[in-house]
Amino acid sequence: MSLIHASAPPGWAVALAALALWTNTLIIAAEALIRRRWIGTHRWAPRWDGQFGGEAVVAGIVREGAPLARHTVEQRGRLRARKTEIAWHDRSHRSEIAGGIVDTRFGPVRVPPGPGEAWPSSTAQHRVAEHVEPVPAGGRDPADRARRAKGILRQVDVRWVPGDSVYLMGRLQALDDGSWTLAPLSSGPMVLSSEDPAAWARRCRRELVAFATAVVGACALLTAGVAWPPAFGLRSSLFGALGLAFFLLIQPAGVWMRARTIEPAYRNLGGTTRVASRQDPDGDAVTPGSSLH
Amino acid sequence: MQSTRSWVRHPAEWRQIGIIAIYMGVLGSMYFVPACRNPVFFVAACFFSFLNAIVIHNHLHQGIFQDRRWNDRFKLVLSFGNLYPASANTPSHNLVHHHFEDDGRPDWASPDHVHFGWHLLNLIHFPNVAGPNTFAGVKRWAALFGRDAFRRQYTKETAFAFGLTGLLALFDFWTTLCFIVLPQLWGARGILRINLLQHDGCDTSSEWNHSRNFVGRAFNWILCNNGYHTIHHNRAGLHWSALPRAHQKEVVPRIDPSLDEPSMVWYLLKTFVFRFSRPPVRDVAAAEKQAAPAELAPRADRLAEAEAAAST
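About the criteria used
- Residues numbered from 1 in each chain as written.
- Chains lettered and ligands numbered in written order.
- Predicted model: local features only at pLDDT ≥ 70, side-chain atom pairs only at ≥ 80, totals over all residues.
- Helix = DSSP H or I, 4+ residues; strand = E, 2+ residues; numbered from the N terminus.
- Buried ≥ 20, exposed ≤ 12 C-beta atoms within 10 Å, placed from the backbone.
- Contact = placed C-beta atoms within 7 Å.
- Rg over C-alpha atoms; globule rule 2.2 N^0.38 Å.
- Core = buried A, V, L, I, M, F, W, Y, C linked by C-beta atoms within 7 Å.
- pLDDT = per-residue confidence, 0-100.
- Expected span 1.5 Å × (residues − 1).
- Arc of directions from axis to C-beta.
- Pairing = 2+ DSSP bridges.
- Axes fitted to C-alpha atoms, helices over the stretch in contact; angles between N-to-C directions.
- Parallel < 35°, antiparallel > 145°, perpendicular 65-115°, else oblique.
- Nonpolar A, V, L, I, M, F, W, Y, C, P; charged D, E, K, R; others polar.

### Remarks on the overall build of chain A
Secondary structure summary: chain A contains 5 helices and 13 strands in total. In chain A, which comprises 293 residues, the share counted as buried stands at 34%. Contacts spanning at least 24 positions in sequence make up 70% of the contacts within chain A whose residues lie at least 6 apart.

### Section: the overall build of chain B
Counting its regular elements, chain B contains 14 helices and 4 strands. Over its C-alpha trace chain B gives a radius of gyration of 19 Å, about what one expects of a compact globule, namely 20 Å for 312 residues. Residues classed as buried in chain B amount to 42% of the 312 residues present. Counting only contacts in chain B whose residues sit at least 6 apart along the sequence, the fraction spanning at least 24 positions is 68%.

### Some remarks on the nonpolar core
Counting 91 residues, the largest nonpolar core has A32 and I86 of chain A together with I54 and L177 of chain B as the members making the most contacts within it. For this core, the element with the highest residue contribution is helix α8 (residues 173-199) of chain B, accounting for 15 residues. In this view, L177 of chain B contacts A17, G240 and L244 of chain A together with A169 and L182 of chain B; residues no more than four positions away in its chain are not counted. In terms of nonpolar packing, the next biggest core, distinct from the first, is built from 22 residues, V62, V102, V111 and L172 of chain A among them.

### Some words on the confidence of the model for chain A
Taken residue by residue, chain A gives an average pLDDT of 86. The fraction at 70 or more is 86%. Across residues 279-293 of chain A, confidence stays below pLDDT 50; counting only partners more than four residues off in sequence or on other chains, it has 35 contacts.

### As for the interface of chain B and chain A
Facing the 34 residues of chain B at the interface are 42 residues of chain A. At the level of secondary structure, the elements contributing two or more residues to the side of chain B that touches chain A comprise α3 (39-61), α6 (119-142), α7 (148-171) and α8 of chain B. In terms of residues, the side of chain B that touches chain A owes the most to one element, α6 of chain B, which gives 9 residues.

### Quick notes on the confidence of the model for chain B
Of all residues in chain B, 97% have pLDDT values of 70 or greater, and the mean over the chain is 93. This prediction of the complex comes with two scores: 0.90 for pTM and 0.92 for ipTM.

### Regarding helix α2 (residues 13-32) of chain B
Residue and element names in this part refer to chain B. Given a rise of 1.5 Å per residue, 20 residues ought to cover 28 Å, and the 29 Å separating the end C-alpha atoms of α2 matches this to within 8%. Listed in full, the buried residues belonging to α2 are E13, Q16, I20, Y23, V26, L27 and M30. Buried residues of α2, viewed axially, fall in a sector of 150 degrees; they line one side. Exposed residues on α2 whose side chains face more than 90 degrees from its buried face are G18, G28 and F32. Close packing links the buried residues of α2 with α3, α4 (68-82) and α8.

### Observations regarding the environment of D164 of chain A
As for its position among the elements, D164 of chain A is in the loop between β8 (152-160) and β9 (165-174). Separated by 57 residues in the primary sequence, D164 of chain A and L221 of chain A place their C-alpha atoms 49 Å from one another.

### A word on the pairing of strand β11 (residues 190-193) of chain A
Residue and element names in this part refer to chain A. Of the two faces of β11, the one carrying M190 and L192 and the one carrying V191 and S193 are both buried. In the sheet, strand β6 (residues 116-119) pairs with β11 via 4 bridges, with the strands oriented parallel. Within β11, the residue paired with G116 across the bridge is M190. Bridge count for β9 against β11 is 3 bridges, and the pairing is antiparallel. The residue bridging L168 from the neighbouring strand is L192, located in β11.

### Structural notes on the pairing of β8 of chain A
All names here are of chain A. Across 9 bridges, the pairing between strand β2 (residues 69-79) and β8 is antiparallel. By the bridge assignment for β8, R70 is matched with R159. In this structure, strand β7 (residues 134-135) lies alongside β8, joined through 2 bridges in antiparallel fashion. When the bridges of β8 are listed, V135 appears paired with L153.

### Some words on the packing of α2 of chain B against α8 of chain B
Residues and elements named next belong to chain B. Between α2 and α8, the least distance of the axes is 9 Å, while the angle of their chain directions is 170 degrees. In terms of their interaxial angle, α2 and α8 are classed as roughly antiparallel. Packed against α2, whose contacting residues are L27, M30 and Y31, the element α8 presents T175, F179, I180 and P183 at the interface. A breakdown of the residues in the contact of α2 with α8 according to their chemical character gives 6 nonpolar, 1 polar and no charged.

### What to know about unusual backbone geometry
Cis geometry is adopted by the peptide bond preceding P67 of chain A, which originates at A66 of chain A and carries an omega value of -10 degrees. As for its placement among the helices and strands, P67 of chain A is situated in the loop between β1 (55-64) and β2. A cis amide bond links P229 of chain A to the next residue, P230 of chain A, at an omega of 0 degrees. Take P230 of chain A: it is sitting in the loop between α4 (197-227) and α5 (234-260). The backbone of L83 of chain B sits at a positive phi, close to 55 degrees, despite the residue not being glycine. Structurally, L83 of chain B is set in the loop between α4 and α5 (89-96). Within the chain, C224 of chain B stands out as a residue other than glycine whose phi angle is a positive 50 degrees. Here C224 of chain B shows up in the loop between α9 (217-222) and α10 (229-234). C-beta crowding within 10 Å serves as the criterion here: with 20 such atoms nearby, C224 of chain B is assigned to the buried category.

### Observations concerning the packing of α5 of chain A against α8 of chain B
Close contact between α5 of chain A and α8 of chain B brings their axes to 10 Å; oriented N to C, the two are set at 30 degrees. As far as their axial angle goes, α8 of chain B and α5 of chain A are roughly parallel. When α5 of chain A is examined against α8 of chain B, the residues S237, G240, A241 and L244 of chain A are found in contact with a partner set consisting of F173, W174, L177 and V181 of chain B.

### Here's the deal with helix α11 (residues 243-251) of chain B
Residues and elements named next belong to chain B. All of the buried residues in α11 are L243, H247 and V251. All buried residues of α11 project into a common sector of 45 degrees when viewed along the axis, lining one side. Summarising the geometry of α11, the exposed residues directed more than 90 degrees from the buried face are R245 and K249. Residues of α11 that are buried make contact with β3 (213-214) and α10.

### Structural notes on the environment of R152 of chain B
All names here are of chain B. For R152, the position within the fold is in helix α7. Residue classification places R152 among the exposed positions, given that 12 C-beta atoms sit within 10 Å. For the pair R152 and D283, spaced 131 residues apart in the sequence, the C-alpha separation amounts to 44 Å.

The structure is reproduced here in structure tokens:
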């Protein structure tokens, strides 16, 4: 590895480097496992006891509600340098449960207005973002406005309206007229979701345990590579360099994993909107079509 | 030829230049002289690496030199000292951290990003979250229209810091890893951890109780007054040498006394070693409601001012 001079470092220094690598790896793995446990023991996989009155996830179709619920991402868009696109940055995520009735296989369930979380599907957000206009609409050309430090604002609104399928998660309580009503969970607010929250929880838990296992396994492999004789030789140095790269990369990997398993109500939307180039005869008007990342 | 007096903007800046000269000297000694690869030099390098990060902070608020080219060159040296581009501080610290939010989203280095029950783990883990948040945010900010000068300087600093470190590693990998990279990263991660020390348990929505100060005199002499954090947030344009007096005059009457810590070492011990859980949050902002109001521009105005300064 070394071109001119290779020194064997003192043992204490190598031990410190190994300690830093392992401490970081274990703490990032631990964070993933703690999150896995939290998702498992928290509210997203309620065990329904087979009778209404318990906490459950129930699928249904919205019958009444205009809309039943709404999820809004407010975004600020600014023009990217040397690119003909506006980059969108999430400013806030809001859920609003307006209330309505959902038909389920057990009968109608009344959803009262109140606090709760609305979990939109990524596909639905993408579809809405394709066509959403900056606010206020009209006025100066959006690309010009997006060039300024203040940028432009838009709201990506996903609504649950009659005919939409929805998963309800909460405490189901019987009413006198034979219907049911949804109440908040004992451990948090009610959730209205486009996708099965229990399936989401299963996926997150699976991925978090795989992530924790992979990072600890990779760290062990790198350590074994460094320790493999001859100590501090070419192979050992190569593994040392890989260890440093691993130390630096595992940090964004941990943050990425955290973002990947965040509740859909708070998931980052981001995205870009293409604008016509300056040379374009149409000027720099915003063209329809967004891509989300 | 310029006179010495006019080369730096303020006589106090020689302290910062001296810190960096000593740090580079310690790193060079360990790299080139095998006898210096001992725990004493190593600990000194880690300590001065942290001071290097402090100098980055001060230099990115107010350039040390009169000449902008010298300021840019000095940023290259500072970037090598902590193995990250010093200019990253402009968006991450001056524009986001000083206002405790990123356009509606949390500060990239907000204490709320870590949640371990055992608070010591939060201190250890904090850079693992704040670091990636910061670099993702800087990348996003740099990609926007009108940041050409920033991007050029940022690229130069990245190339210099990683290029020089890589070159040293090519010649002597293990010495570079143990005696250059470890101190570099210690300082870089240490300055991120400071965010947790300075803001955890504070009320970032208040004007005078958003930060914890470490007010020991010797400590602040060595750290170029970086212990006075409240006044630094509120009067970001004030030179670091003027902070103690401004702290006494403006902050002391309005701050909860518990946020003026006499010693950082004692604070670290009592918060992270002698107790297990995170200290409970108190209404520290109550203190400023009883004091006379101070003339302070709204945060939005201060942000606009900082953005304007960043784009020049």
